Amino acid sequence: MVPGQVHLDLIKANIIDDDPYYGTNYVKESMRKIIYNTWTLERIFDMDQDFIHAILDCEGLDTITSITLNETVIGSTDNQFRNYHLDITKALLAKSNVLRITFDNAVRTSKDKADAYPYYVPDMFNMSAAQHGFPNRNFVRKEQCSFSWDWGPAFAPCGIWRPISIKLDNQGLLTKNWTLLTSFNSTLDAWEVQLCACVTSTRDQHLQLQVHFDDELPAIEHTFRITAGDHSLYHSFTVEKSLITLWWPRGYGVQKLYTLEASLVNDKGSRVASHYFECGFRTCDLVQKPLVPGQPGDTFHFRVNGIDMFSKGANWIPGHVFDSLMTTEKKRSLLQSCVDANMNMIRIWGGGRYETDAFYQLCDELGIMVWQEFMFACSLYPTDRLFLENVRQEVKDQVSRLMCHPSIILWSGNNENQEFMVKGWDRATVDNPYIFTVDYHRLYMETIMATLHTVDTSRPFISTSPSAGLISEHPYTERYVLQENERGLYGDVHFYDYKHNGVHVEYYPNARFVSEYGAQSMPSFKAWKKVSSSKDWHPLSKLSIHRNHHGNGQHEMLQQIEFQYELPTSLRNYFHTDSEASEDMVDPTKRELLFDLFCYLTQCVQARSIVCQTEHYLRGRGATSCTMGALYWQLNDIWPSPTWTWKPLHYFIKHAFADVLVSGYQPQGESSFDIHISNDRAAPIKGDLRVKTVDIRSGQTLSESKFAFSVKAQDSKSVTKIDASRLLGDALTAITCLVLATAVIDGFDDESQVFEMLPQTFPTRDALLIESSLTDPKISIKIERVEVSKDSHEYDIHLRVSSEAVAGMVWLDWKQDETKGHFDDNALWLLPGYPKSIIYHGTGKRPDPISESDLQIKSLFDVVRRSIDEMK
Ligand code: BMA
């Protein structure tokens, strides 16, 4: 399969019949053998066109290869992230060409390199036994997580993973690639367009560059006179400011993109090369300046077109172990889900891959800002001459390819490698920090930053994330170490805490920018079922533990469930009992339902913890922390396993990232509830905040109150702090209530100006006593109508969900897996007498006939129901 990976060819040919994603197949000897083998891909073809010069254009080979054409060696490669242009002029025949690409074992190669290296360069392998992976990934320029990660399996695949083609020249000119950069030139007070074509000419000639920019901008012409040989034909020109419509991140304006067509015409009047770009015009800065002049502490936020922005988003990892199965359609759907969840940024994390052109094109169109990392993560790296030269070429190739995209607003050197070194994750960096500091500087400053700046100086660069900020821009000097009293005052932060209750917000950092934070949950049971069998359906089953690559993950999730929910004792005991022993506790046919419940509970807890944390960061905008970014970990998954990726959380995040957020929490040591409004709009808002509390057991209203509020543009503040006695009305304080709050903005009548807080139980800090607080909600669902698009490809199912008592975390899903689409809302709290309308947006084949019985509904009351019905 081209583009593809050898694993997929072997599956297609039935040479391996195990599903690589099933159970523990990924560590089976038969699967691992694929990695340890050498594989040769061969293609026999005729060349029926004339040519003077020919190259084999490899956009991505994974990774260690040697290449022959008709038995002539034409090249070798050792970097998955580079483009290779191999000259095949002499080897190419008219008939029966044999092209062979032999892929060597990357795991062995990296080990050999590490063994031969003069000193030990740590890569975290020793700290990650639970990942069932391979060591020394840092010695090979290959997707780092393909050697395993704390959310992913080790397949270390090989293959022609990106397109490959032969480029012919029969007119004296061959173009290898085109690049484009648009930037604002403040000296000229105009936009500058830098265009470059890398060509090989077989003769001296004149070439005319013709640039056509939609019809809106003036056309450009420029003549080059070149000799035979390789050339970079570089031309830069300016465009008047007044002619340009800016590209904006979503939520701030339009995503204006211009089509630029560049052509080269030779002295005989023939058009010998041409290329289209979709480009945009915008400025971008990462503002790291004193927050209060003369005081310690710098800002850390993005400024696009002069506007300071709060970055709302998530982290992106590779979407599939085998890249060719991660289609553009799947990427589009994930990126659209970011838009639907009100995000404006994604961070392409440094342990994965540089994405495809189509991916960034989608980000440009959707207005999603991209924080782009170079592919180095959680490791230290060698710095010998060959390694650095390899990296230099990689940076040139990737930056040249990607810099035309307005969505990319930052280049970042790596994920967590500075922290690895500074915090001494491996003994070696503690014993001799100087070696690794010098190495760090060589790789990220002298190699990556220096190479980047030969190609693109229009975007900011940071060497790492999380960073401790800058001491000075000129000379470029990073702070590296933060003193105790400087925490949160500089740079960005990654924050994970598996020990505390996720709704206890005082544990969350007060930081300028939190570029990673997250919590694990199980995949949906439907997804898990496809990769497991009934013996695996227990929180502590061998498979659950095996596939949770984050050491103690299963126990941590159980602990987190208990922080938020007090489970019936029988259920609690069952979850905590060793998987095999637990078999005696329930009827075998009921294990499925209980495991499904466990998956659901982990997802509820994850959603609540991460949204509480996200709301804390959004409130931080108006606090002394001046927070200006929250990117949670992690948007997408690579395989069905317990990981940090979103499930019900997505619906909560949509809420937290709305342009007006109503959020509330119970402060530590207090019996009150503090409600804030965060305003991401460019204009101030004012209106009424209506607060209502409901007895969670009876559904009776306990209290109602109204508060006037006003919040400045792009600010956040506390609107009211309500005491328990007021929240609970005349009721006994022992009662649990649900707090509902709605902000209605003045001066508008439409629904879009009404913002609801996510319902919160109060007391908020305590575990919800599931058994004694909940009543059977008897949820019912009605399909009201189905609307089908004209081409029948898309359809909307309009549903109405109602309940007879308060229902918590109501989760809707289809019983079968045949539908493709999403509910516009889910993970809801329902109140008796207040039905909710939900739309399911589907594409492709729809359930026909469709009925309410095709849907599955879960709510927190199922914990009570199932622990009574299913436990022996
Ligand atoms: C951060 C990331 C990843 C990791 C995640 C969860 O450190 O950069 O390396 O998967 O945490 O542990």
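Up top is the structure these notes are about.
Residues numbered from 1 in each chain as written. Predicted model: local features only at pLDDT ≥ 70, side-chain atom pairs only at ≥ 80, totals over all residues. Heavy atoms only, no water.

On to the site of the ligand. The environment of the ligand is made up of W149, D150, W151, W349, C378, N415, E416, Y496, E516, W633 and W644. In the model, an oxygen atom of the ligand is placed 3.0 Å from a nitrogen or oxygen of the W149 side chain. Separating an oxygen atom of the ligand from a side-chain N or O atom of N415 is a distance of 2.9 Å. Protein coverage of the free-state accessible area of the ligand, which is 310 Å², stands at 91%. Here the residues of the shell around the ligand are counted per class, giving seven nonpolar, one polar and three charged. (Near = heavy atom within 4 Å. Polar contact = N/O pair within 3.5 Å; in protein donor to acceptor, adjacent residues only side chain to side chain. Areas by Shrake-Rupley, 256 points an atom, 1.4 Å probe, with all protein chains shown as cover. Nonpolar A, V, L, I, M, F, W, Y, C, P; charged D, E, K, R; others polar.)

Let's shift gears to the packing of aromatic side chains. According to the stated counting rule, one finds 50 aromatic pairs in the structure shown. An angle of 75 degrees between the planes, with centres 6.1 Å apart, marks the rings of F213 and Y258 as edge-to-face. Of this pair, F213 sits in strand β14 (residues 205–213) while Y258 sits in strand β17 (residues 258–266), and the two are 45 residues apart along the sequence. Residue class for F213 comes out buried when judged on its relative accessible area of 0%. Residues F213 and F281 carry aromatic rings whose centres are separated by 6.2 Å and whose planes lie at 45 degrees to one another, so their mutual orientation is tilted. In this pair, F213 is assigned in strand β14 and F281 in the loop between β18 (271–279) and β19 (284–287), connecting sequence segments 68 residues apart. (Phe/Tyr/Trp six-rings, centres within 6.5 Å; stacked < 30°, edge-to-face > 60°. Helix = DSSP H or I, 4+ residues; strand = E, 2+ residues; numbered from the N terminus. Buried < 20%, exposed > 50% of the residue type's maximum accessible area, 1.4 Å probe, protein only.)

The next thing to look at is helix α16 (residues 649–656). Buried residues dominate α16, accounting for seven of its eight residues. What α16 keeps buried is the set L649, H650, Y651, F652, I653, H655 and A656.

Among soluble globular proteins, nonpolar side chains are generally buried collectively. Membership of the largest hydrophobic core comes to 180 residues, with the highest contact counts inside it found for I346, F374, Y565, L601 and L860. Top element by residues in this core is helix α15 (residues 591–619). It accounts for 15 residues. Not counting residues up to four positions away in its chain, the partners in contact with L860 are Y565, Y600, L601, L768, I770, L774, G808, M809 and W829. (Core = buried A, V, L, I, M, F, W, Y, C linked by side-chain atoms within 4.5 Å. Contact = heavy atoms within 4.5 Å.)

Reading across the sheet, the three strands line up as β46-β44-β48 and stay open at both edges, with antiparallel pairing between neighbours. Of all strands in the sheet, those with a lone pairing partner are β46 (828–830) and β48 (855–858), marking the two edges. For this sheet the average axis-to-axis angle between neighbouring strands, irrespective of direction, equals 40 degrees. Here strand β44 (residues 807–814) runs beside β48; their pairing, made up of four bridges, is antiparallel. Note that in β48 the partner of W811 across the bridge is K858. Docked against the sheet, α15 engages β44 and β48, running at close to 120 degrees with respect to β44. (Pairing = 2+ DSSP bridges. Axes fitted to C-alpha atoms, helices over the stretch in contact; angles between N-to-C directions.)

Our focus in this paragraph is the pairing of strand β20 (residues 301–304). The pairing of β19 with β20 spans four bridges and is classified as antiparallel. In the strand pairing of β20, D285 is matched with R303. Connecting β20 to the next strand, strand β21 (residues 307–309), in antiparallel fashion are two residues, including N305 with a positive phi near 50 degrees.

Strands sit in the order β42-β43-β47-β45 across an open sheet of four strands; the sheet is antiparallel. Among the strands making up the open sheet, the edge pair consists of β42 (780–788) and β45 (820–823). For this sheet the average axis-to-axis angle between neighbouring strands, irrespective of direction, equals 20 degrees. Both strand β43 (residues 794–802) and strand β47 (residues 836–843) contribute to a ladder of eight bridges, which runs antiparallel. Its bridge partner lying in β47, V801 is registered against K836.

So, about the packing of α15 against α16. Their axes nearest at 9 Å, the elements α15 and α16 cross at an angle of 15 degrees. Judged by the inter-axis angle, α15 sits roughly parallel to α16. Where α15 crosses over α16, the handedness of that crossing is right-handed. Residues Q606, A607, R608, I610, V611, T614, E615 and L618 of α15 form the contact with α16, whose participating residues are L649, F652, I653, H655 and A656. A breakdown of the residues in the contact of α15 with α16 according to their chemical character gives eight nonpolar, three polar and two charged. (Parallel < 35°, antiparallel > 145°, perpendicular 65-115°, else oblique. Left-handed = near helix turned anticlockwise from the far one by under 90°.)

Before going further, it helps to spend a moment on the pattern of salt bridges. If charged atoms from side chains of opposite charge come close, those side chains can pair. Summed over all chains, the structure comprises 51 salt bridges. As a salt-bridge pair, D115 and K111 come within 2.7 Å of each other at their nearest N and O atoms. With D115 and K111 both in helix α3 (residues 106–116) and four residues apart, the pair spans about one turn of that helix. Residue classification places D115 among the exposed residues on the basis of a relative accessible area of 53%. (Salt bridge = Lys/Arg side-chain N within 4 Å of Asp/Glu carboxyl O.)

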